[in-house]
Protein chains: 6
Amino acid sequence: MAKNVFLPILLSFFLLPFSSLALTQDFCVANLLLSQTPAGYQCKPAAIVTANDFYLSGAIRPTTIQPFNISFVPAYGSYFPGINGLQLAGVRIFLGVNGVVPLHSIPRANEIMFVVRGTLNVGFITSTSNVVYTKTLSQGDTFLFPQGLVRFCYNVGDTTAEVFGVFNNQNPGIQITDYALFGNILPAEVVAKVTYLSVADVKSLKRFFGPRTLGA
Amino acid sequence: MAKNVFLPILLSFFLLPFSSLALTQDFCVANLLLSQTPAGYQCKPAAIVTANDFYLSGAIRPTTIQPFNISFVPAYGSYFPGINGLQLAGVRIFLGVNGVVPLHSIPRANEIMFVVRGTLNVGFITSTSNVVYTKTLSQGDTFLFPQGLVRFCYNVGDTTAEVFGVFNNQNPGIQITDYALFGNILPAEVVAKVTYLSVADVKSLKRFFGPRTLGA
Amino acid sequence: MAKNVFLPILLSFFLLPFSSLALTQDFCVANLLLSQTPAGYQCKPAAIVTANDFYLSGAIRPTTIQPFNISFVPAYGSYFPGINGLQLAGVRIFLGVNGVVPLHSIPRANEIMFVVRGTLNVGFITSTSNVVYTKTLSQGDTFLFPQGLVRFCYNVGDTTAEVFGVFNNQNPGIQITDYALFGNILPAEVVAKVTYLSVADVKSLKRFFGPRTLGA
Amino acid sequence: MAKNVFLPILLSFFLLPFSSLALTQDFCVANLLLSQTPAGYQCKPAAIVTANDFYLSGAIRPTTIQPFNISFVPAYGSYFPGINGLQLAGVRIFLGVNGVVPLHSIPRANEIMFVVRGTLNVGFITSTSNVVYTKTLSQGDTFLFPQGLVRFCYNVGDTTAEVFGVFNNQNPGIQITDYALFGNILPAEVVAKVTYLSVADVKSLKRFFGPRTLGA
Amino acid sequence: MAKNVFLPILLSFFLLPFSSLALTQDFCVANLLLSQTPAGYQCKPAAIVTANDFYLSGAIRPTTIQPFNISFVPAYGSYFPGINGLQLAGVRIFLGVNGVVPLHSIPRANEIMFVVRGTLNVGFITSTSNVVYTKTLSQGDTFLFPQGLVRFCYNVGDTTAEVFGVFNNQNPGIQITDYALFGNILPAEVVAKVTYLSVADVKSLKRFFGPRTLGA
Amino acid sequence: MAKNVFLPILLSFFLLPFSSLALTQDFCVANLLLSQTPAGYQCKPAAIVTANDFYLSGAIRPTTIQPFNISFVPAYGSYFPGINGLQLAGVRIFLGVNGVVPLHSIPRANEIMFVVRGTLNVGFITSTSNVVYTKTLSQGDTFLFPQGLVRFCYNVGDTTAEVFGVFNNQNPGIQITDYALFGNILPAEVVAKVTYLSVADVKSLKRFFGPRTLGA
């Protein structure tokens, strides 16, 4: 009998994280099973951390996203538990010929982008004054994108391009303008009202971008 | 002769801020004449700060912006030098009947909005998953908008609506999606490429929004 | 038998928050049932967040606090779980005729105050030099109060005044000087020693302010 | 002629800080002659920094402040230019027999206090709930005071006590409650209104504490 | 039966921290039994916090560490749960005659050091340019050490010296260069390769410093 | 005459940065001619910022550093003024065959490293417990290094390896252990005392690493 009762107690203990022995922490590798906090995931006990928590293999080959002809591997979240609490995140992006990272913003981080190979056009647009800073980048070049501003990137070379982007936040977020505007459940009339596009155009764009269109 | 030479020296001294006597600072009221720093404006000497540096009159009446039928008074920057360094900024927005704060994002701050009077529809769209959180607000209501996500707000009542929004950054920025996309100098072909709109639509929208259209 | 054992296991699972599927977070709505952290409450899973988590109704009518003739609605903590992690908090304050927000400080935040209606005198006192910055405010005016300094606000008009204050911290705290000094369990002799008031005065003030007077 | 003109130009150059050669900085020793910024003083060029910028002599003997019978040496501001930007500040306090650090708050920092010698009573009072945490400290003891809360400290031993307090802000500020309330230029009637003390008591206290009483 | 089942449920409840009633927090005393977060330990419910959580006795006498002839009491972690979230930590260090705090760095904090008694030589070495800032300190002196730079401290007097060091991080960490280099499990050949010491020297130093030498 | 006097006044104006017209800032491109602040360089006026401020060419070919057989291009400081205030910095490192980035620490930032080409061994050593986390990396792999801990990286392939490292601080610093210990002006006896190496060994190492040896 007692055994039956103690089993769940022990399981409860097992489920509850005991990290009281790890009084010094050089890192806070994410325990993905527990609640997040405003500062990120709770930490795994240091005793079960291994070098693999700080490592992300380059062999991961993501599927290509159409119609953009791009693919990407995030170096954060469940892909990379060691990044938790380090105020950094990375992403590896592959752009096929004519590939486009469509207009988007990163809500919570600045970005530094390094060109591993290929040739790309990149740019961002400032707030208020709508000034464009744009540049053609080649292998080995580096470019900066300030936080929260719409930006873009497209392959202008004859081969696949590859970039590595790094953010100063472990969970930078990405908001692709087309999806945010036309891939949501807002009625076309509301989207039209707040974008000053025509309702017909919005409906058409919702058909193109929206898996969850409504009233179209 | 000496007088002529000393005058510019004295002027130089006057222009250079000497605040070495103000060893304790409870605030850092902006000196708008000097260079900014990553943390904001340099501080006026405390000895010349007055209560008016912390005060913004409600009597300021801004001009209405068309076609949106809205007007706003920023409570930061040159309007409000006392806000410098306080990690806060405010904005007072008036929306005429049918007025719309068009789809936009605030790149560097979260926002809390308080409805002073009137009735509005507000909402924001999440990153990645494009979920919409939307609500109809009345006098006395409060709503939250997380940093960097596209959001909107429009008057659904019969009278002018007024809201007071506050940000957790002294220089939050605002990027109005339509202006960022169609009010810049990028060729229509580039905007079309990164938004997947048609070149014809982009040219049409550039005519509507862009004071600085190019190649249209 | 097994059922009896599994039930607590299942309950344990239910009690433990599983948010591992929400790898991207634009917000961290407070789960008020779990431990707080230095950065605020743990987050609800994003899947159960609704627009109401970001909304606080203006219909809430708080009871009036005497002898101050004021009432207030906090826009943080259990009132407003969506504010968690946003580095903002708000408060709506109503001051009846002759109402007074008594001398107090906000330990962990700067404040921007907006006057919704009415006429008030406000002010704050600097540290070290004890300089007073004071102003009479009317409808639509804005005023700033730096962090941690004693401040005050009282109605000087003929009608109820209403203000909306916002803080750059989700848990700003408030320390009302009279209550801190005379509403605690410290013996009157200790309060007298550290304030240089007379013991008789302290005893008298403890009778007025203190629900938990001791040795009076 | 040219010499007369170039002299002020050269002086202007001299006055403007050129630190472009110091591209790497491990510290930012304060240049007390230039404007402060929200993040602290501007930096001296690294080339003129010496070990003395990081050193504060224990031989400094401050004058005793009455009626409190205490004296103190701040380890920040003009006393200690090396502390600039380090998010730390210190203070050495000497309390004569019966000496009292009167009720005060530190607006911008938490504090850790170490007892160098002597015996003291210390305590702080929480916000909202007015709970008192108090303790008698002896040589070698350490105590913590959270940011912005009123606190006190008085010698209960037969000899001079000495403590070293450290703050997590290079400019923590100090607001002594008595001086803030009664040492300012506010009319006694206003102070009485916002503290609920009698006007007579306020006038009496202004005579005791206020070098700048008004209307008393 | 039911009793047996409810017991673990109740225990689960007991183990899960319910702090929902403590909506205002002036501190976040560490609950050492729960998972850490990137911002520190989770908080104890305020109701069970006592003055002792903010107090560390000076009577703690640590054992002496050889060959350094020093001992120290950390004022953070499990020693001092009240420090959690305060962005401060302290350490009390005793250096016997000829005692040495060997070359080390503090990875996550700046330090301010106060000399309680005795005479010491201290110093730190800058990054990139390897400039040394060094000083002889006596009783009452204060010195600063910037974050992450190698530093040292040794007794040059005839008596035990005592210092109190404070850091602007609740978990500053310490990396003693000798132990980091020679007390780890890396093969001597790897250590030699990355330090340019000879393999023979590394093997010799591993014998001296390394409890976990490998291949020596 | 007046002309002669006005010239320096005008020059003073020219030298003083007037950015008062740039009330909105999405970035703060470094003005390398003015004093730094604790938060970085002062900002150039936005009107003179160009896309090149956010761009670093991949064509820069640094000289090789011996005996390490490595070279590197920093993406911060005077190389990259646009990074100022973005809380990011990058570095491009080339390791020839057998090249070694010797044991070092980064005092003020965490690092994410991406392997552009080649094969390397990397690792870091924790504080206090001296645990080693080490890994062999190939093209496309990513690895993390927590702030302030000693770390290393050496080429184990047959070709030049190239990595791109990014830091969450615009001025991360680097402290190469060998240079910090043996390339400074400290007498060999002091270095020996605080490292427990023999004086003879220190003198030998000073000859190898130290351009500024003393008493060797």
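Please read all numbers here as calculations on a predicted model, not as lab measurements.

A closer look at the overall build of chain A
Next up, step 1: Looking only at helices and strands, chain A has four helices and 13 strands in total.
Next up, step 2: Taking all 216 residues of chain A together, 62% fall into the buried category.
Next up, step 3: For chain A, the proportion of contacts with a sequence separation of at least 24, taken over those separated by at least 6, is 64%.
Next up, step 4: Here chain A has roughly 7500 Å² of accessible surface; of this, 60% comes from carbon and sulfur atoms.

Things to note about the interface of chain F and chain A
Next up, step 1: In this complex, chain F contributes 50 residues to the contact, which on the side of chain A involves 50 residues.
Next up, step 2: Between chain F and chain A, a total of about 3900 Å² is buried, with carbon and sulfur atoms accounting for 69% of that surface.
Next up, step 3: Connecting chain F to chain A are zero salt bridges.
Next up, step 4: Between the two partners, chain F and chain A, sit 18 residue pairs in polar contact (both at pLDDT 80 or more).
Next up, step 5: Of all the elements in the fold, those that place two or more residues in the side of chain F that touches chain A are β3 (55-56), β5 (89-95), β7 (111-117), β9 (132-137), β10 (142-145) and β12 (161-167) of chain F.
Next up, step 6: The class makeup of the residues in the side of chain F that touches chain A is 27 nonpolar, 17 polar and six charged.

Considerations on the sheet that holds strand β3 (residues 55-56) of chain D
Next up, step 1: An order of β3(D)-β10(E)-β7(E)-β12(E)-β5(E)-β4(E) is seen for the six strands of this open sheet, with the pairing classed as antiparallel. Sheet topology places β3 of chain D together with β4 (70-75) of chain E at the edges, where each strand pairs with a single neighbour.
Next up, step 2: Here strand β5 (residues 89-95) of chain E runs beside strand β12 (residues 161-167) of chain E; their pairing, made up of seven bridges, is antiparallel. Bridged to F94(E) within β12(E) is E162(E).

A few points about the state of the cysteines
Residue and element names in this part refer to chain B.
Next up, step 1: Using the criterion set out here, one finds six disulfides over all chains in the structure.
Next up, step 2: What pairs with C28 in a disulfide is C43, and their sulfur atoms sit 2.0 Å apart. The sign of the S-S torsion, about -95°, decides the handedness of the disulfide formed by C28 and C43: left-handed. Placement of the pair is C28 in the loop between α1 (2-15) and β1 (36-37) and C43 in the loop between β2 (40-41) and β3 (55-56), with a sequence separation of 15 residues. One exposure class covers both C28 and C43, and it is buried.

Some points on the pairing of strand β5 (residues 89-95) of chain C
All names here are of chain C.
Next up, step 1: The buried fraction of β5 amounts to seven of the seven residues, a majority that puts the element mostly inside the structure.
Next up, step 2: Here β5 shows two buried faces, one formed by A89, V91, I93 and L95 and the other by G90, R92 and F94.
Next up, step 3: Of the strand pairs in this sheet, strand β4 (residues 70-75) and β5 are connected by six bridges, and their pairing is antiparallel. Considered in β5, the bridge of S71 is made with F94.

Topic: the relation of the copies chain F and chain A
Next up, step 1: Between chain F and chain A, the superposition needs a rotation of 180° and an axial shift of 0.0 Å, giving an RMSD of 0.0 Å. Here the two chains are linked by the operation of a two-fold rotation axis. Across chain F, the rotation axis passes nearest the C-alpha of N168(F), at a separation of 2.8 Å.
Next up, step 2: The share of interface residues of chain F whose copies in chain A are also at the interface is 100%, consistent with both copies meeting through the same surface.

Re helix α4 (residues 199-209) of chain B
What sets the pattern is the α-helix's 3.6 residues per turn: residues three or four places apart point alike.
Next up, step 1: Every buried residue of α4(B) is listed here: V202(B), L205(B), K206(B) and F209(B). In a view along the axis of α4(B), the buried residues occupy a sector of 105°, so they form one face of it. Exposed residues pointing more than 90 degrees away from the buried face of α4(B) are listed as A200(B) and R207(B).
Next up, step 2: Taken together, the buried residues of α4(B) touch α3 (188-195) of chain A together with α2 (177-182) and α3 (188-195) of chain B.

Considerations on the sheet that holds strand β13 (residues 175-176) of chain D
Next up, step 1: One open sheet accounts for five strands, arranged β9-β8-β11-β6-β13 (chain D); its pairing is antiparallel. Each of the sheet's edge strands pairs with one partner strand only, and the pair in question is β9 (132-137) and β13 of chain D.

Brief notes about the interface of chain A and chain B
Next up, step 1: Contacts between the two partners involve 45 residues from chain A, matched on the other side by 45 residues from chain B.
Next up, step 2: Across the interface of chain A and chain B, roughly 3700 Å² is buried in total on both sides, 61% from carbon and sulfur atoms.
Next up, step 3: Contact with chain B buries surface across chain A, with Q175(A), V194(A) and Y196(A) losing the most and accounting together for 18% of the total.
Next up, step 4: The tally of links between chain A and chain B comes to zero salt bridges.
Next up, step 5: Scanning the region where chain A abuts chain B turns up 14 residue pairs in polar contact (both at pLDDT 80 or more).
Next up, step 6: Among the elements of the structure, β6 (100-105), β11 (151-155), α2 (177-182), α3 and α4 (199-209) of chain A are those that each provide at least two residues to the side of chain A that touches chain B.
Next up, step 7: Among the elements that take part in the side of chain A that touches chain B, α2(A) stands out by supplying five residues, more than any other.
Next up, step 8: Looking at the side of chain A that touches chain B residue by residue, the class counts come to 25 nonpolar, 15 polar and five charged.

Observations regarding α3(A)
Next up, step 1: With six of its eight residues buried, α3(A) lies for the most part within the structure.
Next up, step 2: Taken together, the buried positions of α3(A) are occupied by A188(A), V190(A), V191(A), A192(A), V194(A) and T195(A).
Next up, step 3: Looking at the buried residues of α3(A), the elements they touch are α2 and α4 of chain A together with β6 (100-105), β11 (151-155), α2 and α4 of chain B.
Next up, step 4: Of the residues flanking the end of α3(A), it is Y196(A), one or two places downstream, whose phi is positive at about 65°.

Here we look at the pattern of salt bridges
Next up, step 1: One pass over the full model with this rule turns up 30 salt bridges over all chains.
Next up, step 2: With a shortest N-O distance of 2.8 Å, E111(D) and R151(D) are connected by a salt bridge. With E111(D) in strand β7 (residues 111-117) and R151(D) in strand β11 (residues 151-155), this residue pair connects regions lying 40 residues apart in the sequence. Across the pair, exposure class does not vary: E111(D) and R151(D) are buried alike.
Next up, step 3: Via salt bridges that share partners, R92(A), R117(A) and E162(A) belong to a single interconnected network.

The rules we used
- Numbering of residues starts from 1 in every chain and runs along the sequence as written.
- Chain letters and ligand numbers both follow the written order, the letters beginning at A and the numbers at 1.
- Per-residue local features of the predicted model are confined to residues with pLDDT of at least 70, and side-chain atom pairs are confined, for both listing and counting, to 80 or more; whole-chain, interface and lining totals are unaffected and use all residues.
- With hydrogens and water excluded, all non-hydrogen atoms of the structure serve as input to the side-chain values.
- Every helix listed is a DSSP run of H or I at least four residues long, and every strand listed is a run of E at least two residues long, numbered separately from the N terminus.
- Throughout, exposure labels follow a simple rule: accessible area from a 1.4 Å probe, protein chains only, divided by the maximum for the residue type, with under 20% read as buried, over 50% as exposed, and the rest as partly exposed.
- By definition in these notes, contact holds between two residues if any of their heavy atoms fall within 4.5 Å.
- Residue-level accessible areas treat just the shown protein chains as cover; the underlying method is Shrake-Rupley with a 1.4 Å probe.
- Buried area counts how much accessible surface, traced with a 1.4 Å probe, disappears from two parts once they are put together, with both parts' losses summed.
- Any Lys or Arg side-chain nitrogen located within 4 Å of an Asp or Glu carboxyl oxygen qualifies as a salt bridge.
- As used in this structure description, the phrase polar contact means that two N or O atoms lie within 3.5 Å; if the pair is within protein, one of them must be able to donate a hydrogen and the other to accept it, and residues adjacent in sequence are counted only when both atoms belong to side chains.
- As a working rule, the residues Ala, Val, Leu, Ile, Met, Phe, Trp, Tyr, Cys and Pro are called nonpolar, Asp, Glu, Lys and Arg charged, and the rest polar, with Gly in that last group.
- The pairing criterion for strands is at least two bridges between them, as found by DSSP.
- Pairs of cysteine sulfur atoms within 2.5 Å are identified as disulfides in what follows.
- Only residues with pLDDT of at least 70 in both copies count here: their C-alpha atoms drive the least-squares fit that superposes the copies.
- The directions considered for the arc are those from the helix axis to the C-beta atoms.

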